[in-house]
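# Overview (structure and organization)
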Amino acid sequence: MIRLDFSNVLSDEIGHNGLSLDDIQSHALRAVSIFSRKPYKEFDFVDLHNQNLDELKEIGKKVREKDYFIILGIGGSALGPKVILEALSPLHNLKEKPRVFIYDNVDPVTLRNIIEVINLKKTVINVISKSGATSETLASFLIFWRMIKDRKLNVREHFVFTTDPDRGNLRTIAQEYGIPALTIPKNIVGRYSVLTPVGLFLSEVVGVKAEELLRGAKEISKMAFNENINENPVATLSSVLYLMDTMKKRKIVVFLPYSDRLKTLSEWFSQLWAESLGKDGRGTTPYPSLGTTDQHSQLQIWMEGPEDKVILFLSIERHEYQEEIPEEFHDIEGLRFLGGHTLEELLNTEQLATEMALTTNRKPNLKIIIPKIDAYNLGQLFQFLQITTCMTGLLYGINPFNQPGVELGKRLTYGAMGKRGFESEGQEVKNYLKKQRFMV
Ligand code: PA5
């Protein structure tokens, strides 16, 4: 089970930068109480362990026989699958088939590189979009659609959609052309969708049992309602991050996993945190990081820079391999002392040393601890971070499920690209471009 060590945010440890246990526990209890009322319909993400996996397993089995699998999606429709791939099947494309590409950023060079290495006849393309209206995803879909048609291939065999149960362009096309379409449940929004077919389908395609992810998530969902705060790390973390902002003006949350396999989890968490909480002038800025790498890049500013951060470590007790460091160069102390230890020991010691150094400098830091990285623990982690984000939003009194701030940019893009109904936005873009620019 996930544990949370929050000793180093307490004022006993870090003085005036710290919080009192009473404050943390009372706000954690408040978080549980609002959470238990399930004030938004999007709370369905808490019960995703109940879903039926038959359809995605059946389609997943067929895709496993292919050589290439491409995901088209962006934001919540791409980051979750990226985490699953990187955490549960590291270096996948060098070792196993189907080779997997997750294409999100509509960078034409990336797309061309993917097209050059795949064999379209042996490829399945999974288009993921809850709304079915996202320009980036639809543009890349159109490119592949045309390619499939030009090669006289059957669209039903080469596309799988993952989308809303009844609305949106992808659902319409799926119905018209008989394309297999997996469902993202109605009340689940993009960044809370990794435990739907958005992430679970890929998981099956790469041979990871989807039910293991759900089994982990279920444990956390149960625990999140526990009013005994001493047994509720998720409410405790929400409370700490909320209070660190509102009482201590710590506006940056550094997310710091100590494993390459969880590097993308940092990006996934950052999207979840930023899009859920950054509204009404509230929220804190997530900073995606990686240990030990960022000890040689960011640690200086965490230790001696502005007093505006909380460091959230993610420590993994056992790594899949320990890898012993050989004993060589007995007379060179700089090398000798490493011999006989393992890489796991070094990694975990570096994490501990960083945590101690920050604490000595009275910098608030706390640590999520997981026993190892596997589907069950990753399922726990996803749900742990999703519920933490949601509870923190509830403490702020904001809706953690919408993202009104991203709409204007989307509308201006529609206008500039000539979408009907967005003529005035199109005009706004033209006017903007005519304005005098000050450049050097
Ligand atoms: O979290 C969200 O809701 C967003 O990040 C979406 O996932 C992203 O904008 C993609 O949306 P869609 O799945 O509708 O294409």
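Every value quoted in this text rests on a predicted model; they were computed, and no experiment measured them.

Pairing is parallel across the open sheet formed by five strands, whose spatial order is β3-β2-β4-β5-β6. Single-partner strands in this sheet number two, and they are β3 (99–103) and β6 (181–183). On average, each strand axis in the sheet is tilted by 20 degrees relative to the strand beside it, whichever way the strands run. Judged from the five bridges that link them, strand β2 (residues 68–72) and β3 form a sheet pairing that is parallel.

Moving on to the domain arrangement of the protein. When the domains of the protein are assigned, the result is domain 1 (3–38 + 214–396) and domain 2 (52–184). Placing the centre of domain 1 and that of domain 2 at their C-alpha centroids yields a distance of 33 Å. Facing 15 residues of domain 1, the contacting portion of domain 2 comprises twelve residues. Between domain 1 and domain 2, a total of about 1,000 Å² is buried, with carbon and sulfur atoms accounting for 72% of that surface. Here domain 1 and domain 2 share zero salt bridges between them. Inspection of the region where domain 1 meets domain 2 yields three residue pairs in polar contact (both at pLDDT 80 or more). Listing elements by their share of the side of domain 1 that touches domain 2, those giving two or more residues are α13 (263–277) and α17 (375–396). Counting residues per element, the side of domain 1 that touches domain 2 draws most heavily on α13, which supplies six residues.

A few words on the pattern of salt bridges. Summed over the entire model, instances satisfying the criterion amount to 23 salt bridges. With a closest N to O distance of 3.2 Å, arginine 191 and glutamate 275 form a salt bridge. Here glutamate 275 lies in helix α13 and arginine 191 lies in the loop between β6 and α10 (197–205), a separation of 84 residues in the sequence. Residue arginine 191 is classed as buried on the basis of its relative accessible area of 3%. Of the charged contacts, one joins lysine 363 and glutamate 307 as a salt bridge, the two residues approaching to 2.6 Å between their closest N and O atoms. With lysine 363 in the loop between α16 (343–360) and β10 (365–370) and glutamate 307 in the loop between α14 (299–304) and β9 (309–316), this residue pair connects regions lying 56 residues apart in the sequence. Take lysine 363: its relative accessible area is 7%, and that puts it in the buried class.

Bringing the side chain of threonine 123 into the picture now. Note on placement: threonine 123 falls in strand β4 (residues 123–129). Within the structure, threonine 123 has its side chain in polar contact with the backbone oxygen of asparagine 119 (distance 2.7 Å). When sequence neighbours within four positions are dropped, the list of residues in contact with threonine 123 reads Tyr68, Ile70, Ile118 and His158.

Here the focus is the packing of helix α3 (residues 54–64) against α10. Contact pair α3 / α10: the axes reach a minimum separation of 8 Å and the direction vectors enclose 45 degrees. Between α3 and α10, the angle is such that the two are oblique. Read as a crossing pair, α3 and α10 show a hand that is right-handed. Counted together, Leu56, Lys57, Ile59, Gly60, Val63 and Arg64 of α3 and Pro197, Leu200, Phe201, Glu204 and Val205 of α10 form the full contact between these two elements.

A full pass over the atoms with the stated rule returns 21 aromatic pairs. Note on phenylalanine 255 and phenylalanine 269: the rings are 4.6 Å apart at their centroids and 25 degrees apart in plane angle, and the pair reads as stacked. One end of the pair, phenylalanine 255, is in strand β7 (residues 252–257); the other, phenylalanine 269, is in helix α13, and 14 residues separate them in sequence. As far as the burial class goes, phenylalanine 255 and phenylalanine 269 line up, both buried. Among the aromatic residues, those joined into a cluster by ring pairs are Phe35, Tyr40, Phe43, Phe45, Tyr192, Phe225 and Phe401. The ring centre of tyrosine 414 lies 3.9 Å from the NZ or CZ of lysine 419, which sits over that ring.

Below, the discussion takes up the nonpolar core. By size, the foremost hydrophobic cluster in this structure holds 94 residues, and its most contacted members are Leu265, Trp268, Ile368, Leu378, Leu381, Phe382 and Leu385. Among the elements that make up this core, the one with the highest residue count is α17 (twelve residues). Three or more residues apiece are contributed to this core by two domains, here domain 1 (3–38 + 214–396) and domain 2 (52–184). When near neighbours in sequence (up to four residues on either side) are disregarded, leucine 381 contacts Ile2, Leu262, Leu265, Leu314, Ile368 and Ile370. Counting residues in each nonpolar core, the second largest holds 26 residues, with Tyr68, Leu72, Phe159 and Ala174 among its members.

Within the fold, serine 26 resides in helix α2 (residues 21–36). Counting along the chain gives 204 residues from serine 26 to asparagine 230, while the straight-line C-alpha distance between them is 11 Å.

Further remarks concern unusual backbone geometry. Glycine aside, a negative phi is what most residues show, and trans is what most peptide bonds show. Of note, the amide linkage connecting lysine 97 to proline 98 takes the cis form, showing an omega dihedral of -10 degrees. Note that the residue after glycine 291, namely threonine 292, is joined by a cis bond; omega there is 0 degrees. Considering the arrangement of structural elements, one finds threonine 292 in the loop between β8 (285–288) and α14.

Two modes of strand pairing occur in sheets, parallel and antiparallel, and in both the strands are linked by backbone hydrogen bonds. Sheet architecture is open: five strands sit in the order β1-β10-β9-β7-β8, paired in mixed fashion. Each edge of the sheet is formed by a strand with only one pairing partner; in this case those strands are β1 (3–5) and β8. Along the sheet, successive strands turn relative to each other by an average axial angle of 20 degrees, direction set aside. Pairing analysis gives three bridges linking β1 to β10, with the strands arranged antiparallel. Directly across from leucine 4, in β10, lies its bridge partner isoleucine 368.

With that settled, the discussion passes to the site of the ligand. Close to the ligand lie 13 residues; Ser77, Ser129, Ser131, Thr134 and Gln271 are nearest. Glycine 76 is positioned such that a nitrogen or oxygen atom in its backbone is 2.9 Å from an oxygen atom of the ligand. A distance of 2.7 Å is found between an oxygen atom of the ligand and a side-chain nitrogen or oxygen belonging to serine 77. Here the ligand loses 89% of its free accessible area of 380 Å² to cover by the protein chains.

Conventions adopted
- Each residue is numbered by its place in its chain's sequence as written, counting from 1.
- Residue-level local features of this predicted model are given only where pLDDT is at least 70; pairs of side-chain atoms are given and counted only at 80 or more, and the full residue set underlies all totals for whole chains, interfaces and linings.
- For side-chain calculations, the full set of non-hydrogen atoms in the structure is used, while hydrogens and water are omitted.
- For two strands to be treated as a pair, DSSP must find no fewer than two bridges joining them.
- Counting from the N terminus, the helices are the DSSP runs of H or I reaching at least four residues and the strands are the DSSP runs of E reaching at least two.
- To define axes, lines are fitted to C-alpha atoms, for helices over the stretch in contact only, and angles between the resulting N-to-C directions are given on a 0 to 180 degree scale.
- Marked domain ranges trace back to an automatic or database domain assignment.
- Only heavy atoms matter for contacts: two residues are in contact if any of them lie within 4.5 Å across the pair.
- The quantity reported as buried area is the accessible area (1.4 Å probe) lost by two parts once they are put together, taken as the sum for both.
- By definition here, a salt bridge exists when the distance from a side-chain nitrogen of Lys or Arg to a carboxyl oxygen of Asp or Glu is within 4 Å.
- Each polar contact in these results corresponds to two N or O atoms within 3.5 Å; when the atoms are within protein, one needs to be able to donate a hydrogen and the other to accept it, and residues that are neighboring in sequence are counted only if both atoms are side-chain atoms.
- Buried residues are those whose accessible area, probed at 1.4 Å on protein chains only, stays under 20% of the maximum for their type, while exposed residues exceed 50% and partly exposed ones sit between those limits.
- Here is the rule for angles: anything less than 35 degrees is roughly parallel, anything more than 145 is roughly antiparallel, 65 through 115 is roughly perpendicular, and the remaining ranges are oblique.
- By convention, the crossing between two helices is left-handed when the near helix turns anticlockwise from the far helix through less than a right angle, and right-handed when the turn is clockwise.
- Aromatic contacts are taken between Phe, Tyr and Trp rings whose centres are within 6.5 Å, Trp giving its six-membered ring; a plane angle under 30 degrees counts as stacked, one over 60 as edge-to-face, and the others as tilted.
- Charges are assigned to positions over rings by a cutoff of 6 Å between ring centre and Lys NZ or Arg CZ, combined with an angular limit of 35 degrees from the ring normal.
- For this analysis, a nonpolar core means a set of buried residues of the types Ala, Val, Leu, Ile, Met, Phe, Trp, Tyr and Cys, connected via side-chain atoms within 4.5 Å.
- One heavy atom suffices: a residue is near a molecule or strand as soon as one of its heavy atoms comes within 4 Å of it.
- Per-residue and other accessible areas follow the Shrake-Rupley method at a 1.4 Å probe size, with only the shown protein chains counted as cover for residues.

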